[in-house]
Amino acid sequence: MRHLLSGLLLACSLAPAGMALAQSTAVPARATTAFVDVHVVPMDRERVLAGQTVLVEDGAIVAIGPALPVPDGARVVDGGGEAWLLPGLADMHNHLDSRQDLTVLLGLGVTTTLHMGEARNSFVGRMRAAVANGEQAGPRAFAALAVDGSPRYGHLVVADADDARATVRMAKANGYDFLKVYNNLSPEAFAALMDAADAAGVPVVGHGVSAVGLRRQIEAGQAMVAHAEEFFYTFFAPSPEGDPNAAPDPEQIAEAVGLLRRHGTPVVADLAT
């Protein structure tokens, strides 16, 4: 792909396609935008739609076709037969919470993002709202509150069931979209957190909890696993040679995949780790 239009498509609400990204605070009015003579990668299957016109009205895709009429007064982005258009990307594991971070993410084509813990209060409470209201350019941003059973990694400590229930109330009151569990929660705290989060409608994501294990976590309703590596220490049997990086038995891999598919649980690849 020789060119990638900076205004990536998303089939839900977003800042207007084709917008300039130089100023993170400048959000153009939601006029009609026409991408003309572009190659569309729809990602529903392995195919490319060549020479298309894509119409976006009020932040939503309304039509795609090879010879669509362009409405009068529409903003036109001419791909010249060389530009490529694809759905917006989702970065579901990062720790980025500044205005500059959001500008960079959007410039890279990321239109949905999940902050996985330790976000500043200003990001959770104000900056995300500014993006959602069209006051600031950036991807749609979700935030998770990270909790652990000890202060070892700097997360909010949830020592027991009472702490877990209070934490869910606090997360809900402060607008967090998810709770993120970390390695050292106790089984009691994890179980109470899952029950309270389910009642509050706050999905739980995160690590493998060493004292619980991913099988029980997923069966209990954990909505997402934060890294593929979590399976190495909370699901797969340890290597007989004691090598923590040894490949697991293929049958164990199939078992893990089957568990995830049965429960519809996604795993973030998290390429950095």
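Please refer to the structure placed before this passage.
Residues numbered from 1 in each chain as written. Predicted model: local features only at pLDDT ≥ 70, side-chain atom pairs only at ≥ 80, totals over all residues. Heavy atoms only, no water.

What to know about the overall build of the chain
Condition: Numbered from the N terminus, helices here are DSSP runs of H or I no shorter than four residues, and strands are runs of E no shorter than two. Accessible area is worked out with a 1.4 Å probe on protein chains only. A residue is then buried under 20% of its type maximum, exposed over 50%, and partly exposed in between. For this analysis, residues touch if any pair of their heavy atoms sits within 4.5 Å. Calculation of accessible area relied on Shrake-Rupley with a 1.4 Å probe; when residues are assessed, cover is drawn exclusively from the protein chains displayed.
Counting its secondary structure elements, the chain contains seven helices and 13 strands. Put simply, the chain has 273 residues, and 45% of those count as buried. When contacts within the chain are restricted to residue pairs at least 6 apart in sequence, long-range pairs at least 24 apart make up 60% of them. Carbon and sulfur atoms provide 54% of the accessible area of the chain, an area that totals close to 13,800 Å².

Considerations on the side chain of Lys-180
For the record, the criterion: Here Asp and Glu are counted as negative and Lys and Arg as positive; His is not counted, and neither are the chain ends. Salt bridges are identified by distance alone: a Lys or Arg side-chain nitrogen within 4 Å of an Asp or Glu carboxyl oxygen. Polar contact is defined as a pair of N or O atoms within 3.5 Å, subject to the rule that within protein one atom must be able to donate a hydrogen and the other to accept it, and that residues adjacent in sequence are counted only when both atoms are side-chain atoms.
Among the secondary structure elements, Lys-180 is positioned in strand β11 (residues 178–181). Although Lys-180 is buried, it makes no salt bridge; Glu-118 carries the closest opposite charge, 7.5 Å away. A polar side-chain atom of Lys-180 sits 3.0 Å from the main-chain carbonyl oxygen of Met-116. Other than its neighbours up to four places away in sequence, Lys-180 contacts His-93, His-95, Met-116, Ala-144, Leu-145, Ala-146, Val-147, Val-205, Gly-206 and His-207.

Considering the layout of surface pockets
To be explicit about the condition: In this analysis the probe radius is 1.4 Å and the grid spacing 1 Å, with only protein atoms considered; a cavity is a set of points the probe fits into but cannot get out of, a pocket is an open set with protein on both sides within 12 Å along at least five of seven lines, and lining residues have an atom within 4 Å of a point. Grid points are joined across faces, edges and corners, and a volume is the space filled by probe spheres set on the points. Gly falls in the polar group here, along with every residue not listed as nonpolar (Ala, Val, Leu, Ile, Met, Phe, Trp, Tyr, Cys, Pro) or charged (Asp, Glu, Lys, Arg).
When its volume is computed, the second largest pocket comes out at roughly 230 Å³. Taken together, 14 residues form the lining of the second largest pocket, with Ala-237, Pro-238, Ser-239, Asp-243 and Ala-246 sitting closest to its centre. Class assignment for the residues of the lining of the second largest pocket results in nine nonpolar, three polar and two charged.

Things to note about the nonpolar core
One broad trend across soluble globular proteins is that nonpolar side chains are buried collectively. What counts, and what does not: The definition of a nonpolar core used throughout is a set of buried Ala, Val, Leu, Ile, Met, Phe, Trp, Tyr and Cys residues joined through side-chain atoms within 4.5 Å.
Phe-123, Val-147, Leu-179, Val-181, Leu-185 and Leu-193 are the most contacted members of the largest nonpolar core, which has 32 residues in total. For this core, the secondary-structure elements that each account for two or more residues are α1 (99–107), α2 (121–132), β9 (140–148), α3 (161–173), β11 and α4 (187–200). Of all the elements, α4 adds the most residues to this core, at seven residues. For Phe-123, the contacting residues outside a window of four places in its chain are Leu-96, Asp-97, Leu-102, His-115, Arg-128, Ala-141 and Ala-143.

Quick notes on the pattern of salt bridges
Counted according to the given criterion, the structure contains six salt bridges. The partner of Asp-44 in a salt bridge is Arg-45, with the nearest N and O atoms 3.6 Å apart. A salt bridge links Asp-162 to Arg-165, with the nearest nitrogen and oxygen atoms 2.8 Å apart. Taken together, the residues Asp-162 and Arg-165, both in helix α3 and three residues apart, mark about one turn of the helix. Judged by its relative accessible area of 53%, Asp-162 is exposed. The exposure class assigned to Arg-165 is partly exposed, which follows from its relative accessible area of 38%. Among the charged side chains, a salt-bridge network with shared partners connects Asp-44, Arg-45 and Arg-47.

A word on the packing of α3 against α4
Heads up, the condition is: Inter-axis angles, ranging from 0 to 180 degrees, are taken between N-to-C directions of lines fitted to C-alpha atoms, where helices are fitted over the stretch in contact. By definition, any crossing whose near helix is turned counterclockwise from its far helix by less than a right angle is left-handed, and any crossing with a clockwise turn is right-handed.
Relative to each other, α3 and α4 sit at 35°, their axes nearing to 8 Å. The crossing of α3 and α4 is right-handed. Facing Ala-161, Ala-164, Arg-165, Val-168 and Lys-172 of α3, the residues of α4 in contact are Glu-188, Ala-189, Ala-192, Leu-193, Ala-196, Ala-197 and Ala-200. Here the residues of the contact of α3 with α4 sort into nine nonpolar, no polar and three charged.

Examining the pairing of β9
Put simply, the rule reads: Between any two strands, at least two bridges found by DSSP are needed for them to pair.
Across the nine residues of β9, eight count as buried, placing the element largely inside the fold. Inspection of the sheet shows strand β8 (residues 110–115) paired to β9 by four bridges, in the parallel sense. Its bridge partner lying in β9, Leu-114 is registered against Phe-142. Bridge count for β9 against β11 is four bridges, and the pairing is parallel. Opposite Ala-146, over in β11, you have Lys-180 as the bridge partner. Taken together, the two bridges between β9 and strand β10 (residues 156–157) define a ladder with parallel strand orientation. Bridge pairing links Asp-148 to Val-157 in β10.

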